[in-house]
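This is what each chain is made of:
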Amino acid sequence: MSAAGDKKRTACVTGGNGYIGSALIKMLLEKGYAVKTTVRNPDDIAKNSHLKDLQALGPLTVLRADLLEEGSFDDAVASCDYVFLVAAPVNLASEDPEKELIEPAVRGTLNVMRSCVKAGTVKRVILTSSVGGVYIRPELRGDGHVLNEDSWSDVEYLRAQKPPLWWGYCVSKVLLEEEACKFAEEHGISLVTVCPVVTVGAAPAPIVSTSVPACLSFLSGDEAGLGALKSIEKTSGAVQLVHVADLCRAELFVAEEEAAAGRYICCAVNTTVVELARFLAHKYPHYNVKTDFTNDQLLDKPRVSLSSAKLVREGFEFKFKTLDEIYHDVLEYGKALGILHY
């Protein structure tokens, strides 16, 4: 509890009805922050019911805002110490990624940052990007590559080759990072970027559409989810995982750590589809997990690894460092979401 007269630190989290946003709000409230969050439609009970539950943990204000409406974040970031940019377009099946994904991602990021400049109270903006902006590089042939924050996905290659499923998503991450950095420099904003990998684990959000279904696809039989993991491995050289609680702790760490600067990869484990299948088959034998992928030309071990050495070197410690630890609560969460039925 803060002493009488002490002002609670205030944080804004954009996209509070999303998977990562909801987990971050919960952690901030538990740490004693006052939190403001934005959603596109506060009246959508199905997507926002968990926010009402989270209000029992501490002061949480839910506001309407739209990434593509300039000025719509003014109220949300007013008087905030930290602003966590978590909301982003994720339409992987878009017919026109340039117009429906890339342009809105860049425009939306800059709209929130303009509101931060107007607010005048924001000590730091924490941008949640993705390792999709780090690891798509055609020259990474052979094995044994270790990538750090200096690595950027090749936008020209992505636009030319258009690898299936998510090329537009990866391009959007590179461009929004570049534009956010430029804007931050021009306006004297302290900006730190976190690049998470595939994120697993329980969160308050009642609807989750990407990483959790994919990571449970071995158990649920969801071919599209498994296809997404295979696609990640084929284009990046591994399947990279982090627990959502560690990601949120990393976001708060780089917010509060004064010396934090630049990009931070947030990755606990570099693995493969085959390794994951074997692990889950052993851990949950009653699910009859398929472990034979000989026809898929998948890797036995990671060809490319992502390093979180910078984050660890500056004082962060992962709590969930093994597949066993990372998957410890996701089975129950999968049942609660209706992804798993037993």
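Residues numbered from 1 in each chain as written. Predicted model: local features only at pLDDT ≥ 70, side-chain atom pairs only at ≥ 80, totals over all residues. Heavy atoms only, no water.

> Help me get a handle on the packing of aromatic side chains, residues and values and all.
Applying the stated criterion across every chain, the model contains 7 aromatic pairs. Relative to Tyr 342, the ring of Tyr 287 has its centre 4.6 Å away and its plane inclined at 20°; by these criteria the two rings are stacked. Separated by 55 residues along the polypeptide, Tyr 287 in the loop between helix 11 (273-283) and strand 12 (304-306) and Tyr 342 in the segment after helix 14 (330-337) bring together distant segments of the chain. Judged by relative accessible area, which is 6%, Tyr 287 ranks as buried. Lying across the ring of Trp 167, Lys 162 places its NZ or CZ 4.7 Å from the centre. Here the basic side chain of Arg 263 rests over the ring of Trp 152, its NZ or CZ set 3.4 Å away from the ring centre. (Phe/Tyr/Trp six-rings, centres within 6.5 Å; stacked < 30°, edge-to-face > 60°. Helix = DSSP H or I, 4+ residues; strand = E, 2+ residues; numbered from the N terminus. Buried < 20%, exposed > 50% of the residue type's maximum accessible area, 1.4 Å probe, protein only. Lys NZ or Arg CZ within 6 Å of the ring centre and 35° of its normal.)

> With reference to specific residues and values, describe unusual backbone geometry.
Within the chain, Ser 79 stands out as a residue other than glycine whose phi angle is a positive 70°. With respect to the helices, strands and loops of the structure, Ser 79 is situated in the loop between helix 3 (74-77) and strand 4 (82-85). For Ser 79, a relative accessible area of 41% corresponds to the partly exposed category. One non-glycine residue with positive phi stands out, namely Asn 288, at about 50°. Within the fold, Asn 288 resides in the loop between helix 11 and strand 12. By relative accessible area, which is 70% here, Asn 288 ends up exposed.

> Lay out the sheet that holds strand 9 (residues 239-243) with the relevant residues and their values.
The strand order across the open sheet formed by 3 strands is 8-9-11, and the pairing between neighbours is mixed. Each having just a single partner strand, strand 8 (198-200) and strand 11 (269-271) make up the two edges of the open sheet. On average, each strand axis in the sheet is tilted by 35° relative to the strand beside it, whichever way the strands run. In this structure, strand 9 lies alongside strand 11, joined through 3 bridges in antiparallel fashion. Bridged to Gln 240 within strand 11 is Asn 270. (Pairing = 2+ DSSP bridges. Axes fitted to C-alpha atoms, helices over the stretch in contact; angles between N-to-C directions.)

> Hey, could you go over the layout of surface pockets for me, with residue numbers and the actual values?
The computed volume of the second largest pocket comes to approximately 280 Å³. Together, 15 residues line the second largest pocket, and Ala 23, Lys 26, Met 27, Glu 30 and Ala 245 are the ones closest to its centre. Elements that contribute at least two residues to the lining of the second largest pocket include exactly helix 1 (19-30) and helix 10 (244-256). Of the residues in the lining of the second largest pocket, the class split is 9 nonpolar, 1 polar and 5 charged. (1 Å grid on protein atoms, 1.4 Å probe; cavity = no way out; pocket = protein on both sides within 12 Å on 5 of 7 lines; lining within 4 Å. Points joined across faces, edges and corners; volume = space filled by probe spheres on them. Nonpolar A, V, L, I, M, F, W, Y, C, P; charged D, E, K, R; others polar.)

> Describe helix 6 (residues 167-187), naming the residues involved and giving the relevant values.
With 21 residues, helix 6 should cover 30 Å at 1.5 Å per step; its first-to-last C-alpha distance of 30 Å lies within 8% of that length. Among the residues trailing helix 6, Gly 188 stands out with phi positive, at a value near 65°. (Expected span 1.5 Å × (residues − 1).)

> Quick rundown of the nonpolar core? Include the residues and the values.
Considering soluble globular proteins, one finds that nonpolar side chains tend to be buried as a cluster. Ranked by internal contacts, the top residues of the largest apolar core, which has 122 residues, are Phe 84, Phe 218 and Leu 241. For this core, the element with the most residues is helix 6, which contributes 10 residues. In this structure, Leu 241 is in contact with Val 197, Val 198, Val 200, Cys 215, Cys 267, Ala 268, Val 269, Thr 271, Leu 276, Leu 323, Ile 326 and Tyr 327, ignoring residues within four places of it in sequence. (Core = buried A, V, L, I, M, F, W, Y, C linked by side-chain atoms within 4.5 Å. Contact = heavy atoms within 4.5 Å.)

> Break down empty space enclosed by the protein for me, citing the residues and quoting the values.
Take a probe with the size of a water molecule and roll it over the atoms, and the empty space left behind shows itself. A full pass over the atoms with the stated rule returns 1 cavity of 30 Å³ or more. Along the wall of the largest cavity there are 16 residues; nearest its centre are Ala 87, Ala 88, Ala 105, Thr 109 and Leu 127. Ranked by the residues each element gives to the lining of the largest cavity, the list is headed by helix 4 (residues 97-119), at 5 residues. Of the residues belonging to the lining of the largest cavity, the class tally is 11 nonpolar, 4 polar and 1 charged.

> If you had to explain the environment of Leu 323 to someone new, which residues and values would you point to?
Turning to its location among the elements, Leu 323 is positioned in helix 13 (residues 323-326). For Leu 323, a relative accessible area of 15% translates into the label buried. A sequence separation of 81 residues divides Leu 323 from Val 242, and the C-alpha atoms of the two residues are 9.2 Å apart. Filtering out sequence-adjacent residues up to four positions away, Leu 323 remains in contact with Leu 241, Val 269, Thr 271, Leu 276 and Phe 279.

> Can you explain the pattern of salt bridges? Please cite residues and give values.
Under the defined criterion, the tally for this structure stands at 16 salt bridges. Glu 98 is the partner of Arg 159 in a salt bridge, and the nearest nitrogen-oxygen pair spans 2.7 Å. Of the two residues, Arg 159 is situated in helix 5 (residues 155-161) and Glu 98 in helix 4; the sequence distance between them amounts to 61 residues. Owing to a relative accessible area of 25%, Glu 98 belongs among the partly exposed residues under this scheme. The closest approach of N and O atoms between Asp 246 and Arg 249, which form a salt bridge, is 2.6 Å. In this pair, Asp 246 and Arg 249 are both assigned in helix 10, 3 residues apart and thus about one turn of the helix distant. What makes Asp 246 buried here is its relative accessible area of 0%. (Salt bridge = Lys/Arg side-chain N within 4 Å of Asp/Glu carboxyl O.)

> Outline the pairing of strand 2 (residues 34-39), supporting the account with residue identities and numerical values.
Within strand 2, 6 of the 6 residues are buried, which leaves the element mostly enclosed by the surrounding structure. The handedness of the strand 1 (residues 10-14) to strand 2 crossover, carried by helix 1, is right-handed. Direction of pairing for strand 2 relative to strand 3 (residues 60-64): parallel, over a ladder of 5 bridges. The residue of strand 3 that forms the bridge with Thr 37 is Val 62. (Right-handed = clockwise from strand over helix to strand, strands pointing away.)

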